[in-house]
Protein chains: 2
Amino acid sequence: MAINVAIVGATGAVGVEFMEVLARRNFPVGKLTLLASKRSAGTTLPFKGQQITVQELTADSFKGHDLALFSAGSGVSKQYRQACVEAGCLMVDNSSAFRMEDGVPLVVPEINPGEAAKALQRNGGKGVIANPNCSTIIALMALAPLHREAGIKRLVAATYQAASGAGHAAMVELQESTRAALDGKPFTPKVLPLPYAFNLFPHNSPWIEAEGYCEEEIKLRKETHKILGDSRPRITATCVRVPVLRAHSEALNVEFERPLNVARAYEVLRQAVGVTVREDRAANRWPMPLEVSGHDNVQVGRIRVDTSNPNTLDIWVVGDQLLKGAALNAVQCAEVALLGKLAPNANP
Amino acid sequence: MAINVAIVGATGAVGVEFMEVLARRNFPVGKLTLLASKRSAGTTLPFKGQQITVQELTADSFKGHDLALFSAGSGVSKQYRQACVEAGCLMVDNSSAFRMEDGVPLVVPEINPGEAAKALQRNGGKGVIANPNCSTIIALMALAPLHREAGIKRLVAATYQAASGAGHAAMVELQESTRAALDGKPFTPKVLPLPYAFNLFPHNSPWIEAEGYCEEEIKLRKETHKILGDSRPRITATCVRVPVLRAHSEALNVEFERPLNVARAYEVLRQAVGVTVREDRAANRWPMPLEVSGHDNVQVGRIRVDTSNPNTLDIWVVGDQLLKGAALNAVQCAEVALLGKLAPNANP
């Protein structure tokens, strides 16, 4: 079986990771077409030892393809959805464009794999799978198994989000502005709205006036409910952009419906696919973004009893934003939808 | 009135700030004696245009002084407490050595100023005022006024703590390791236990086995209870070291006993001494460490209703760790104890 794959946004931070992930999971790629804006067309990118030339994205790009992995922003996803789906090509979309749309499955394959196949047009689906928000995926890799075990009643989340969530240009800006700061030189932010070197700020997504949350925080609540298929967990979040390159960390305070002790929580998470427990009490070492970067699994640790509230645990989770938060999850969605099973993580 | 002041740990990150703060608050300094380890003795530091030579700290150093500001670690504070107090010199101690000791007041002058004078030996006190943990001070600048207004029932805190909390050497290590990372060169951490460039990690204070919290998190709970004089608020925290130089940020989820709306919370905080409300909804701008660095006031913003729980607000607070988290608070303690009043913040 060979699957012809198109990558939309091939030159972006996630686009490059799509190729890495397809290769290292031995995804049965037939033809691979790299698509980007006119500006990037003509550049070449490597895939399995071959150089592939990036083509300009047009409405005709999807013919003859089985799968399109999109990561070029909501605008591009909305513009090309119809062309992609009408070509009979499964769209796995990394943007937020369709996540909350009825009938579009929002999938974390370790959590709700059965939803993925419902996207297929031959099953009467809309031909689109939405890839959830990165912070939501990373939190839920730890939380969904615990929710099944003891029922999440309430979650208070604080995030420590990396530059990569705002794309490759934001990663470069973090590096360039930091070098300028070290050299005592001025730097004017071009990608992010605020100075980033040795700084952090509440997430730069739009502030939603009615509730006071930013869009990122609302995504964490609404997408969690859709992925879990359960809107009972009450959720609040504070999302913060920190000067880290590509892995998100999250401090999760989780109140459960039923008692759950630390030992049992770890036992559940040690059995969870795609999760690594990182817990070295003697050395006082826990998951951290530098060590998680480049790895497929989400790492969980520092689970402890919250002494301030019954049935509550504090949990620390870290995941690579470009991999499980984006490219890896999207390729896994394609695996469960088109191949019927998840390949094991090659680089846990 | 002239007060003869000794600074213990004068060459450290907080030591330097003690001098800055004394100068800009027009503290009535008579003689100023700078004290440090034998290794640093002989160096000179500027104070109000004069160069002052650092002397080696000995048990005789405190004679003829009215006030000693200590910031040289718990060991030094314990070693020289008796010599200081027996010399009739008020000790304001920035270490954690005596914070929880009965009879030693733990003071944030805007919150419990009346406690400070109780330290004076002429009042039968022990001659020691303890300066609280930096994260605790910064959180309480926002929380104490709201506690008086509506009663804190439960606090879930997540911190984003700067390098300065681990001293000047940690600030230098953050800069040097970051430059090495940008240059693609190896760097071996010497001050902090973990790589810090573009990284973060759960706070490097000791893990307390019985509870699973680290020491910093336990300080936040216990010191809050002592400062508020109220052990009813239930508190949990996750303390994290982030790659920021000198200002701590904290995401506080606060459940109150009584209803408190956002407008009233801001009104209370706008009236609070030492607090600046930073709230620009149109520009989506809130307090951030780079803008707070070098400023005396703690900044508060992004207050919003937590839709997941009754009577609960999410609050974002940022304060300069070296100033309100350390040197400024200590000098203010001396002001209320020795001068009977707090000078206004010169650089809010």
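Fair warning: this is a prediction, and the values are worked out from it, not measured in the lab. (Residues numbered from 1 in each chain as written. Chains lettered and ligands numbered in written order. Predicted model: local features only at pLDDT ≥ 70, side-chain atom pairs only at ≥ 80, totals over all residues.)

*Asks:* Before we move on, could you go through the interface of chain A and chain B and cite the residues and values that matter?
*Replies:* Size of an interface: often given as the accessible area lost when the parts come together. At the interface, 49 residues of chain A touch 48 residues of chain B. Counting residues per element, the ones that place at least two in the side of chain A that touches chain B are strand 9 (152-160), helix 5 (168-182), strand 10 (201-202), strand 11 (234-238), strand 13 (247-256), helix 8 (289-292), strand 15 (298-305) and strand 16 (312-320) of chain A. The class makeup of the residues in the side of chain A that touches chain B is 27 nonpolar, 13 polar and nine charged. (Contact = placed C-beta atoms within 7 Å. Helix = DSSP H or I, 4+ residues; strand = E, 2+ residues; numbered from the N terminus. Nonpolar A, V, L, I, M, F, W, Y, C, P; charged D, E, K, R; others polar.)

*Asks:* So what's going on with the relation of the copies chain A and chain B? Which residues, and what values?
*Replies:* Applying a rotation about an axis and a shift along it to one chain copy brings it onto the other copy. For the pair chain A and chain B, the superposition axis carries a translation of 0.0 Å, the fit reaches an RMSD of 0.0 Å, and the rotation angle comes to 180 degrees. Both copies are brought into coincidence by an operation consistent with a two-fold rotation axis. A shared binding surface is used by both copies, with 98% of the interface residues of chain A retained as interface residues in chain B. (Least-squares fit on C-alpha atoms with pLDDT ≥ 70 in both.)

*Asks:* A description of the nonpolar core should follow, citing residues and the corresponding values.
*Replies:* Counting 236 residues, the largest nonpolar core has Val8(A), Ala142(A), Val8(B) and Ala142(B) as the members making the most contacts within it. With near-sequence residues (within four places) excluded, Val8(B) lies in contact with Leu35(B), Leu57(B), Ala68(B), Leu69(B), Phe70(B), Ser71(B), Ala72(B), Val76(B) and Tyr80(B). (Core = buried A, V, L, I, M, F, W, Y, C linked by C-beta atoms within 7 Å. Buried ≥ 20, exposed ≤ 12 C-beta atoms within 10 Å, placed from the backbone.)

*Asks:* Residue-level account of the sheet that holds strand 8 (residues 128-130) of chain B, with values.
*Replies:* Residue and element names in this part refer to chain B. Spatial strand order, 5-2-1-6-7-8: six strands in an open sheet with parallel pairing. With partners counted over all chains shown, the strands left at the sheet margins are strand 5 (55-56) and strand 8, one partner each. Pairing of strand 6 (residues 67-70) with strand 7 (residues 90-93), which is carried by four bridges, proceeds in the parallel orientation. Opposite phenylalanine 70, over in strand 7, you have aspartate 93 as the bridge partner. Strands in contact with helix 1 (residues 13-24) are strand 1 (3-8), strand 2 (29-36) and strand 6; relative to strand 1, the strand with the most contacts, it is inclined by about 155 degrees. Strands strand 1, strand 6, strand 7 and strand 8 of the sheet are contacted by helix 9 (residues 323-339), whose axis makes an angle of about 150 degrees with strand 7. (Pairing = 2+ DSSP bridges. Axes fitted to C-alpha atoms, helices over the stretch in contact; angles between N-to-C directions.)

*Asks:* Any chance you could break down the packing of helix 4 (residues 134-150) of chain B against helix 6 (residues 215-228) of chain B for me, citing the residues and the numbers?
*Replies:* Residue and element names in this part refer to chain B. Contact geometry of helix 4 with helix 6 gives a least axis separation of 10 Å together with a crossing angle of 40 degrees. Looking at the two axes, helix 4 sits oblique to helix 6. For helix 4 against helix 6, the interelement crossing comes out right-handed. Contacts between helix 4 and helix 6 involve Ser135, Thr136, Ala139, Leu140, Ala144 and His147 on the former and, on the latter, Glu216, Lys219, Leu220, Glu223, Thr224, Ile227 and Leu228. When the residues that make up the contact of helix 4 with helix 6 are grouped by side-chain class, the tally is six nonpolar, four polar and three charged. (Parallel < 35°, antiparallel > 145°, perpendicular 65-115°, else oblique. Left-handed = near helix turned anticlockwise from the far one by under 90°.)

*Asks:* Give a detailed account of the domain arrangement of chain A, specifying residues and quantitative values.
*Replies:* Residues and elements named next belong to chain A. Considered domain by domain, chain A is made up of domain 1 (3-131 + 326-339) and domain 2 (135-321). Taking only C-alpha atoms into account, the centre of domain 1 sits 25 Å from that of domain 2. Each side of the interface is counted separately: domain 1 has 13 residues, and domain 2 has 18 residues. Here the element with the most residues in the side of domain 1 that touches domain 2 is helix 9 (residues 323-339); it accounts for three residues. Here the side of domain 1 that touches domain 2 is composed, by residue class, of seven nonpolar, four polar and two charged. (Domains from an automatic or database assignment.)

*Asks:* Explain the pairing of strand 13 of chain A to me, using residue names and the numbers behind them.
*Replies:* Residue and element names in this part refer to chain A. Most of strand 13 is tucked away: 10 of the 10 residues are buried. On strand 13, burial covers both faces: Ala247, Ser249, Ala251, Asn253 and Glu255 on one face and His248, Glu250, Leu252, Val254 and Phe256 on the other are all buried. Where strand 9 lies against strand 13, eight bridges are found, and the strand directions are antiparallel. Looking across to strand 13, one finds that isoleucine 152 is bridged to phenylalanine 256. Here nine bridges tie strand 13 to strand 16, and the two strands are oriented antiparallel to one another. Each bridged residue has a counterpart across the sheet, and for alanine 251 the counterpart in strand 16 is tryptophan 316.

*Asks:* A description of the sheet that holds strand 9 of chain A should follow, citing residues and the corresponding values.
*Replies:* Backbone hydrogen bonds are what pair the strands of a sheet, in a parallel or an antiparallel way. Residue and element names in this part refer to chain A. Across the sheet, which stays open at both edges, the six strands sit in the order 11-9-13-16-15-14 with mixed pairing between neighbours. Two strands lie at the open edges of the sheet, namely strand 11 and strand 14 (275-277), each paired on one side alone. Put simply, the sheet's adjacent strands are angled 25 degrees from each other on average, direction ignored. Of the strands in this sheet, strand 9 and strand 11 touch helix 6 (residues 215-228), which is tilted by about 155 degrees from strand 11. Lying on the sheet, helix 9 is in contact with strand 13, strand 15 and strand 16; it crosses strand 16 at an angle near 60 degrees.

*Asks:* A description of helix 1 of chain B should follow, citing residues and the corresponding values.
*Replies:* Residue and element names in this part refer to chain B. Over its 12 residues, helix 1 runs 17 Å from end to end, which matches the ideal 16 Å to within 8%, given 1.5 Å per residue. Those residues of helix 1 that fall on the buried side of the exposure criterion are Ala13, Val14, Gly15, Glu17, Phe18, Met19, Val21 and Leu22. Next to the buried residues of helix 1 lie strand 1, strand 2, strand 3 (44-47), strand 6, helix 5 (168-182) and helix 9. Just downstream of helix 1, asparagine 26 is the residue with a positive phi angle, here 50 degrees. (Expected span 1.5 Å × (residues − 1).)

*Asks:* Describe helix 9 of chain A, naming the residues involved and giving the relevant values.
*Replies:* All names here are of chain A. The terminal C-alpha atoms of helix 9, which comprises 17 residues, lie only 20 Å apart, well short of the 24 Å expected from a rise of 1.5 Å per residue. Of all the bends in helix 9, the largest measures some 40 degrees and sits at asparagine 329. Burial runs high along helix 9: 15 of the 17 residues are buried. Directly after helix 9, the chain includes glycine 340, whose backbone phi takes a positive value near 80 degrees. (Bend = angle between axes of the 7 residues up to and from the residue.)

*Asks:* Explain the environment of Arg270(B) to me, using residue names and the numbers behind them.
*Replies:* All names here are of chain B. Relative to the helices and strands, arginine 270 is located in helix 7 (residues 262-270). By C-beta crowding, arginine 270 is classed as partly exposed, having 13 other C-beta atoms within 10 Å. Taking the C-alpha atoms as reference points, arginine 270 and valine 300, 30 residues apart in sequence, are found 9.5 Å from one another.

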